[in-house]
Amino acid sequence: MKTANMIRLIIDSRLESVSLVGSAVRGIANTLYIDSTTSYQLELCVVEAVTNGIKHAYHGQAGHSVEIDVLLYPDRLTFKIYNRGKSMNPAKVAPFSFDPSNIETLPEGGMGVYILHALMDEVHYETINGQNILTLVKYLKKH
Amino acid sequence: MQLKHNNVEDVLIVRPLEKRIDASTATEFKQKMNEWIDSGNRRIVLNLSEVDFIDSSGLGAIISGFKKIGNNGNLVICVVKESVMSLFRLTRMNRVFDIYASENEALEALSGKA
């Protein structure tokens, strides 16, 4: 495996700070000849992951740090999102499903994990020594 | 969150003047939409021309307004940027919402409905 270039982003666990991470991810994507829709989708996935961590791992409380490592390899982009809050049980995430013709079934939440799996090539979640690590990998197309 | 709003006859046009509708602004957006719906607005055009980022929280807030209106009116969307449109497609919300290229088209479509 070739050595990656790495950028580490650290924010406080406040929803108002998540857009800083999103803007950084979009800026990085823009340097990699990635089209604008894919750039948006990368930003979306990292924003969803960081937001989920703040809402669920830290119950929306400020004062904790959320770290995001962005690793650039020649063939892929990897994001590692770290927090030390409450762990998630991926098996307990409800599947995303609704009937577009039935207004009562439309979801107002619970779309984040579905979005990660739909847009990323790899999604891993693990907890090591109290640290939750969500890894997102996107393979880059060759030019 | 800045939301420009004006009425054209009985249609309320809402245009967020922010580039993002995300988890930090979704609650406020939802509250304002609820207030407008509670005060009798049943036909709403949401113009997303200024918005270049929506996450699932923002999308959930839009869906919330749509559900609150229910079958007593409609909430339609117009001028959606291609990147944002990809979220509507991914979540199949393009099959739920009527989405128009221009505000005029949205207004005409909504005015034609009983």
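Residues numbered from 1 in each chain as written. Chains lettered and ligands numbered in written order. Predicted model: local features only at pLDDT ≥ 70, side-chain atom pairs only at ≥ 80, totals over all residues.

For chain B, an unreviewed UniProt entry supplies the name Anti-sigma factor antagonist and the organism Desulfobacter latus. As recorded by UniProt, the Sequence similarities (unreviewed entry) comment attached to chain B reads in full: "Belongs to the anti-sigma-factor antagonist family." (UniProt positions renumbered as here; feature names shortened; annotations may be inferred.)

A.B. asks: Any details on the environment of S49 of chain B? Residues and values, ideally.
C.D. replies: Residues and elements named next belong to chain B. Considering the arrangement of structural elements, one finds S49 in the loop between β4 (43–47) and β5 (53–54). Of the residues examined, S49 has 14 C-beta atoms within 10 Å and is grouped as partly exposed. Between the C-alpha atoms of S49 and K81, which are 32 residues apart in sequence, the distance is 7.0 Å. Apart from the residues within four sequence positions on either side, S49 is in contact with R15 and V79. (Helix = DSSP H or I, 4+ residues; strand = E, 2+ residues; numbered from the N terminus. Buried ≥ 20, exposed ≤ 12 C-beta atoms within 10 Å, placed from the backbone. Contact = placed C-beta atoms within 7 Å.)

A.B. asks: Residue-level account of the confidence of the model for chain B, with values.
C.D. replies: Chain-level statistics for chain B give a pLDDT mean of 95 and a share of 98% at 70 or above. Reported for the predicted complex are a pTM of 0.94 and an ipTM of 0.93. (pLDDT = per-residue confidence, 0-100.)

A.B. asks: Lay out the sheet that holds strand β6 (residues 74–78) of chain B in plain terms, naming residues and giving numbers.
C.D. replies: Residues and elements named next belong to chain B. The strand order β1-β2-β4-β6-β7 describes an open sheet built from five strands, whose pairing is mixed. Looking at the sheet topology across the chains shown, the edges are occupied by β1 (3–8) and β7 (99–100). Where strand β2 (residues 11–16) meets β4, four bridges bridge the pair, whose relative direction is parallel. The partner of V14 across the bridge, within β4, is L46. With respect to the sheet, helix α4 (residues 103–111) is in contact with β1, β2, β4, β6 and β7, its orientation differing from that of β6 by roughly 160°. (Pairing = 2+ DSSP bridges. Axes fitted to C-alpha atoms, helices over the stretch in contact; angles between N-to-C directions.)

A.B. asks: Lay out the interface of chain A and chain B with the relevant residues and their values.
C.D. replies: Taken residue by residue, the interface counts 24 residues in chain A and 23 residues in chain B. Breaking the side of chain A that touches chain B down by element, the ones donating at least two residues are α1 (18–30), α2 (36–57) and α3 (112–119) of chain A. In terms of residue count, α2 of chain A provides more of the side of chain A that touches chain B than any other element does, nine residues in total. Across the side of chain A that touches chain B, the residue classes break down as twelve nonpolar, eight polar and four charged. (Nonpolar A, V, L, I, M, F, W, Y, C, P; charged D, E, K, R; others polar.)

A.B. asks: Report on the nonpolar core, specifying residues and quantitative values.
C.D. replies: Among the nonpolar cores identified, the biggest contains 59 residues, and C45, V46, V50 and I68 of chain A together with L46 and V76 of chain B are the most heavily contacted of them. Broken down by element, this core gets its largest block of residues, nine residues, from α2 of chain A. Those residues in contact with I68 of chain A that sit more than four places away from it in its chain are L9, V21, V46, V50, F79 and I81 of chain A. (Core = buried A, V, L, I, M, F, W, Y, C linked by C-beta atoms within 7 Å.)

A.B. asks: Quick one: what's the story with the pairing of strand β3 (residues 76–83) of chain A, residue by residue and with numbers?
C.D. replies: Residues and elements named next belong to chain A. On β3, burial follows the alternation: L77, F79, I81 and N83 on one face are buried, whereas R76, T78, K80 and Y82 on the facing-out side are not. As defined by bridge partners, strand β2 (residues 65–72) adjoins β3 across six bridges and the pair is classed as antiparallel. Within β3, the position partnered with E67 by the bridge is Y82. Bridge count for β3 against strand β5 (residues 131–139) is eight bridges, and the pairing is antiparallel. Counterpart to K80 in the pairing with β5 is T135.

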